[in-house]
Amino acid sequence: MRKPHLRLAVMNDCNLSCIYCRAGGEGVICNEVMSKDEIMKALRIAGKAGYSYLKVTGGEPLLREEIYQDLFDIISSVAKEKLFAGIGMVTNGLLLKKYAEKTVNSGIDSLTVSLDTADKDLYKFITGGDCFCDVIDGIKAVKSMGMKVNINAVISNLNIDGVPALIDLAKTLGVDLKLIDYVEFGSTTDGNETKQLHYVPFDRIYNYLEENFTDISKEMEFPYGGLGTPMAVYTFSDECKLYIKDATVGTNYNEGCKQCDNYPCQDALISMRITADGQLKKCLIRDDNLVPFLDDIRCGRMEEVERKISSSWGELIDTEYCPGIWRSKS
């Protein structure tokens, strides 16, 4: 049975400015953020509705601790109440060394660090921050304390040539690496840098792996929860696996997707997102079908919150895996 996962954006702000990133990371500009109590009320309902796994995102989630000092209280409360089968967090890693001990002891099961390149200069160009070494130090710090770490890299024409170096870096650090195809949709940034970005097929990566790693095992695996794009998984060692998210393999859509102007889109339905200001976001690409619930919580209309969150669960359960229907428009 599918067990869709939930993404919680605890912050809209970020301390980097990656050239491909949408506002708020999950694609919504917020004027406010939910309080700890409001977040916990929503998460308790989501856990009861059936969501199996929680992934804490942003913006940059560690900024929540920097500003409000309650991120780890939220995570530890979720863990103690056993609302989900697992808890993960996605971070850019810039504050990771500072909060390494709190991160490891918070109750999360895994940590994902966004890192698109092993090249310091290209990292600065992509993120706008000259802090590559700080991110590496943060990864090493939490790894030394026993935390499982994954690196996510968004692959475009800018960094595909650096994939071998990224693989080497992951092997050196003893972490898993996931390569994610750059999603084709209009950027919220109008700078010249974004005009240089475009999707590239992963054929070059597959060829590199076949030519250089003839003895590694390969499997296909759905993401946690059973929705989204099945990923090719290459095992280098007990401490290092390579995951490839390639949208041409196929992904999950529901009947409502077929009426969307973006259908068949690259990302489709992989999870439900809770935005920092208390809205349900069904898909990454669209912002015109958000389902607000924060006012319901504040006015005590908890049955309405339950209805909305349970309905969102049902939409994901009713999706159908459609192999191979997305093709790049570029």
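Residues numbered from 1 in each chain as written. Predicted model: local features only at pLDDT ≥ 70, side-chain atom pairs only at ≥ 80, totals over all residues. Heavy atoms only, no water.

Asker: I tried to follow the packing of aromatic side chains on my own but got confused; where do I start?
Answerer: Here a ring pair, both rings aromatic, is described through the centre-centre distance and the interplanar angle of the planes. Across all of its chains, the model carries 9 aromatic pairs by this definition. Aromatic pair tyrosine 51 and tryptophan 313: ring centres 5.5 Å apart, planes at 80°, arrangement edge-to-face. Of this pair, tyrosine 51 sits in the loop between helix H1 (36–49) and strand S2 (53–57) while tryptophan 313 sits in helix H11 (residues 302–317); the two residues are 262 residues apart in sequence, bridging distant segments of the chain. Owing to a relative accessible area of 2%, tyrosine 51 belongs among the buried residues under this scheme. (Phe/Tyr/Trp six-rings, centres within 6.5 Å; stacked < 30°, edge-to-face > 60°. Helix = DSSP H or I, 4+ residues; strand = E, 2+ residues; numbered from the N terminus. Buried < 20%, exposed > 50% of the residue type's maximum accessible area, 1.4 Å probe, protein only.)

Asker: How should I be thinking about helix H9 (residues 203–212) in this particular structure?
Answerer: Within an α-helix, residues lying three or four positions from one another point in the same direction, as the helix has 3.6 residues per turn. Of the residues making up H9, those classed as buried are Ile205, Tyr206 and Leu209. Along the axis of H9, the buried positions cluster into a sector of 100°, meaning they face one direction only. Buried residues belonging to H9 abut strand S5 (149–155), helix H7 (163–173), strand S6 (176–181), strand S8 (231–237) and strand S9 (240–245). (Arc of directions from axis to C-beta. Contact = heavy atoms within 4.5 Å.)

Asker: Any chance you could explain a negative patch on the surface here in plain terms?
Answerer: Negative charge collects at one region of the surface, where Asp119, Asp121, Asp130, Asp134 and Asp137 lie side by side. Along the chain, aspartate 130 falls in the loop between helix H5 (120–127) and helix H6 (132–144). (Patch = residues over 30% accessible without salt bridge, like charges linked within 9 Å, V, L, I, M, F, W, Y side chains within 5 Å. Areas by Shrake-Rupley, 256 points an atom, 1.4 Å probe, with all protein chains shown as cover. Salt bridge = Lys/Arg side-chain N within 4 Å of Asp/Glu carboxyl O. Lys, Arg positive; Asp, Glu negative; His and termini not counted. Charge placed at Lys NZ, Arg CZ, Asp CG, Glu CD.)

Asker: Sorry, what's going on with the pattern of salt bridges here?
Answerer: Pairs can form between side chains of opposite charge whenever their charged atoms are close. In this structure the tally under the stated criterion is 18 salt bridges. The salt bridge involving arginine 273 is made with aspartate 267; its shortest N-O contact spans 3.6 Å. The burial state of arginine 273 is the same as that of aspartate 267; both residues are buried.

Asker: Explain unusual backbone geometry here, please?
Answerer: Leaving glycine out, the prevailing phi sign among residues is negative, and the prevailing peptide bond configuration is trans. The linkage connecting glycine 58 with the following residue, glycine 59, adopts the cis geometry, with an omega of 20°. With respect to the helices and strands, glycine 59 occurs in the loop between S2 and helix H2 (62–68). Cis peptide bonds are those with omega within 30 degrees of zero, and the linkage from tyrosine 263 to proline 264 qualifies with -10°. For proline 264, the location among the structural elements is in the loop between strand S10 (250–253) and strand S11 (271–274). Look at alanine 268: it is not a glycine, yet its phi comes out positive at around 55°. Secondary-structure assignment places alanine 268 in the loop between S10 and S11.

Asker: Teacher, can you tell me more about the nonpolar core here?
Answerer: Grouped burial of nonpolar side chains is what soluble globular proteins tend to show. If you look at the biggest cluster of nonpolar residues, it comprises 97 residues, and the most contacted ones within it are Leu43, Leu179 and Ile244. For this core, the element with the highest residue contribution is H1, accounting for 7 residues. Apart from the residues within four sequence positions on either side, leucine 43 is in contact with Leu6, Leu8, Leu54, Val78, Leu83, Phe84 and Ile274. Among the nonpolar cores identified, the runner-up in size contains 7 residues, and Tyr20, Ile126, Tyr182 and Leu197 belong to it. (Core = buried A, V, L, I, M, F, W, Y, C linked by side-chain atoms within 4.5 Å.)

Asker: In this structure, what is going on with the side chain of arginine 273? I would like to understand it.
Answerer: Tracing the backbone through its elements, the reader meets arginine 273 in strand S11. If sequence neighbours within four positions are ignored, arginine 273 has contacts with Arg7, Glu26, Asp267, Gln279, Leu280, Lys281, Lys282, Cys283 and Leu284.

Asker: Explain the confidence of the model for the protein here, please?
Answerer: Predicted coordinates in regions of low pLDDT should not be interpreted in detail. Of the residues in the protein, 95% reach a pLDDT of 70 or more, and the chain-wide mean stands at 93. Ignoring residues within four places in sequence, the model shows residues 186–192, a span with pLDDT below 50, making 7 contacts including any to other chains. (pLDDT = per-residue confidence, 0-100.)

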